Amino acid sequence: MSIQETELDYQAGYTRIMLYAEQARAKGWRLTGRQLVGEISQRERAAQIREKSSLPILGQGGRSADWNRGKADGLRELLREQREQL
């Protein structure tokens, strides 16, 4: 995977989380800190598994480690924002 593909995957994951967050805010929804931390852990674990796996990524459900890291960083940003609002 090239550096450019890696960056694009990371940005896609991050952007997806931020879009979901905007939609949730518009509807008045909010995740608790515990839910965000749990989701961050899941994304980090998925990234680790993807890195260690020797199997190729097939189909639409398979995402790269960088995509999962982008999502985890987006979730961290949301957690930071929520903590600042308290």
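This section reports on the structure supplied with the text.

The rules behind each value
Residues numbered from 1 in each chain as written. Predicted model: local features only at pLDDT ≥ 70, side-chain atom pairs only at ≥ 80, totals over all residues. Heavy atoms only, no water. Core = buried A, V, L, I, M, F, W, Y, C linked by side-chain atoms within 4.5 Å. Buried < 20%, exposed > 50% of the residue type's maximum accessible area, 1.4 Å probe, protein only. Helix = DSSP H or I, 4+ residues; strand = E, 2+ residues; numbered from the N terminus. Contact = heavy atoms within 4.5 Å. Salt bridge = Lys/Arg side-chain N within 4 Å of Asp/Glu carboxyl O. Phe/Tyr/Trp six-rings, centres within 6.5 Å; stacked < 30°, edge-to-face > 60°. Lys NZ or Arg CZ within 6 Å of the ring centre and 35° of its normal. Axes fitted to C-alpha atoms, helices over the stretch in contact; angles between N-to-C directions. Left-handed = near helix turned anticlockwise from the far one by under 90°. Nonpolar A, V, L, I, M, F, W, Y, C, P; charged D, E, K, R; others polar. Parallel < 35°, antiparallel > 145°, perpendicular 65-115°, else oblique.

### Topic: the nonpolar core
I17, M18, A21, L36, I40, L75, L78 and L79 form the largest nonpolar core, which has eight residues in total. Among the secondary structure elements, those contributing two or more residues to this core are α1 (3–27), α2 (33–52) and α3 (65–85). Excluding residues that lie within four positions of it along the chain, I40 makes contacts with A72, L75, R76 and L79.

### Observations regarding the pattern of salt bridges
For the structure on display, the rule yields eight salt bridges. Its salt-bridge partner being R76, residue E44 comes within 2.7 Å of it at the nearest N-O pair. On the criterion of sequence distance, the pair formed by E44 in helix α2 and R76 in helix α3 is long-range, its members being 32 residues apart. Overall, the relative accessible area of 22% leaves E44 in the partly exposed class. Two residues, D73 and R76, come together in a salt bridge whose shortest N-O distance is 2.4 Å. One end of the pair is D73 and the other is R76, both in helix α3 and three residues apart, which spans about a single turn. The partly exposed category is assigned to D73, whose relative accessible area is 28%. Here the residues in one salt-bridge network are E22, R25 and E81, joined through shared partners.

### Digging into the packing of aromatic side chains
This model, assessed by the stated rule, comprises zero aromatic pairs. Here the basic side chain of R63 rests over the ring of W67, its NZ or CZ set 4.6 Å away from the ring centre.

### Digging into the packing of α1 against α3
Taken N-terminus to C-terminus, the directions of α1 and α3 make an angle of 40°; their axes are 7 Å apart at the nearest point. The two elements α1 and α3 meet at a crossing, and its hand is right-handed. The residues of α3 that touch α1, namely those facing T6, D9, Y10, A12, G13, Y14, R16, I17, M18, A21 and R25, are D66, W67, R69, G70, K71, D73, G74, L75, E77, L78 and E81. Looking at the contact of α1 with α3, its residues break down into nine nonpolar, four polar and nine charged.

### Considerations on the packing of α2 against α3
Between α2 and α3, the least distance of the axes is 8 Å, while the angle of their chain directions is 160°. Between α2 and α3, the angle is such that the two are roughly antiparallel. Crossing geometry of α2 relative to α3 is assigned as left-handed. Between α2 and α3, the residues in contact are G33, L36, V37, E39, I40, R43, E44, A46, A47, R50 and E51 and A65, W67, N68, R69, K71, A72, L75, R76, L78, L79 and Q82, respectively. Grouping the constituent residues of the contact of α2 with α3 by class yields eleven nonpolar, three polar and eight charged.

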